[in-house]
Amino acid sequence: MQSSSGGHFGPLSALSSAPAGNAGARVRGRHGVGGTWYWNRYPGARFDSESYSYSYSFSQELLDEWDWSEHFAPQPETLRYLNHVADKFDLRATSSSAAV
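In short, a report on the structure.

1. So, the overall build of the protein
And step 1. When you go through the protein residue by residue, the secondary structure sums to 3 helices and 0 strands.
And step 2. Shown N-terminal to C-terminal, the secondary structure of the protein runs as helices and strands in the order α-α-α.
And step 3. Of all 100 residues assigned to the protein, the portion counted as buried reaches 33%.

Dropping the structure here:
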């Protein structure tokens, strides 16, 4: 992950430290992925740094396929990105024993 800021990406931050090809990391939660970006839905919620700085950098394919619509992405777009990452890398837990 390019950004080293606090828990803005919640459980998905485990991806940045996982060895390449590690299929063991999974995300579990009652409400899905997103951490702060799931819960903070107030009007005008958005990044305080340029959107690209919050992109995961472990996958060139992911970097190439996602285009942020604004320099400071709003909360709904950020949550879409996080869900896209979770789906792309099959990170949604199918059982509590597979969760990180």
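Alright, that's what it looks like, and here's the rest.
2. What to know about the pattern of salt bridges
And step 1. Tallied over the entire structure, the rule returns 4 salt bridges.
And step 2. Residues Glu 61 and Lys 88 are paired through a salt bridge, measuring 3.0 Å at the closest nitrogen-oxygen approach. With Glu 61 in helix α2 (residues 60-65) and Lys 88 in helix α3 (residues 75-88), this pair connects stretches of sequence that are 27 residues apart.
And step 3. For the salt bridge of Glu 65 with Lys 88, the shortest nitrogen-to-oxygen distance reads 3.3 Å. Within this pair, whereas Glu 65 is found in helix α2, its partner Lys 88 is found in helix α3, the two being separated by 23 residues in sequence.
And step 4. Judged by its relative accessible area of 35%, Glu 65 falls in the partly exposed class.
And step 5. Among the residues examined, Lys 88 registers a relative accessible area of 29% and is labelled partly exposed.

3. Some details on the side chain of Ser 55
And step 1. Examined against the element boundaries, Ser 55 turns out to sit in the loop between α1 (36-39) and α2.
And step 2. On the basis of relative accessible area, Ser 55 is assigned to the buried category, the value being 6%.
And step 3. Looking at Ser 55, its side chain comes within polar contact range of the side chain of Trp 68, at 2.9 Å.

4. Concerning the packing of aromatic side chains
And step 1. Applying the stated criterion across every chain, the model contains 10 aromatic pairs.
And step 2. When the centroid spacing of 4.0 Å and the interplanar angle of 5° are considered together, the rings of Phe 47 and Tyr 54 count as stacked. A single burial state applies to Phe 47 and to Tyr 54, both of which are buried.
And step 3. Where Trp 68 meets Tyr 81, the ring centres are 4.8 Å apart and the plane angle is 45°; that geometry is what we call tilted. Of the two residues, Trp 68 is situated in the loop between α2 and α3 and Tyr 81 in helix α3; the sequence distance between them amounts to 13 residues.
And step 4. Directly above the aromatic system of Tyr 38 lies the positively charged group of Arg 41, at a separation of 4.3 Å from the ring centroid.
And step 5. Positioned over the ring face of Phe 89 is Lys 88, at 5.8 Å from the centre of the ring.

Rules used throughout
Starting from 1, residues in each chain are numbered consecutively following that chain's sequence as written. Local features are withheld for residues below a pLDDT of 70 in this predicted model, meaning they are given only at 70 or higher, and side-chain atom pairs are given and counted only at 80 or more; totals for whole chains, interfaces and linings count all residues. Heavy atoms throughout the structure, all of them, feed into the side-chain values; hydrogens and water do not. Each helix corresponds to a stretch of at least 4 residues labelled H or I by DSSP, and each strand to a stretch of at least 2 residues labelled E; elements are numbered beginning at the N terminus. For the exposure calls, accessible area comes from a 1.4 Å probe over protein chains only, and a residue counts as buried if that area is under 20% of its type's maximum, exposed if over 50%, partly exposed in between. Salt bridges are defined by distance alone: a side-chain nitrogen of Lys or Arg within 4 Å of a carboxyl oxygen of Asp or Glu. Whenever two N or O atoms come within 3.5 Å, that pair is a polar contact, provided that in protein one can donate a hydrogen and the other can accept it, and provided that, for residues adjacent in sequence, both atoms are side-chain atoms. Side-chain rings of Phe, Tyr and Trp, where Trp is taken by its six-membered ring, are said to pair if the distance between their centres is within 6.5 Å; with planes under 30 degrees apart they count as stacked, over 60 as edge-to-face, and otherwise as tilted. When the NZ atom of lysine or the CZ atom of arginine is within 6 Å of a ring's centre and also within 35 degrees of its normal, the charge is said to sit over that ring.

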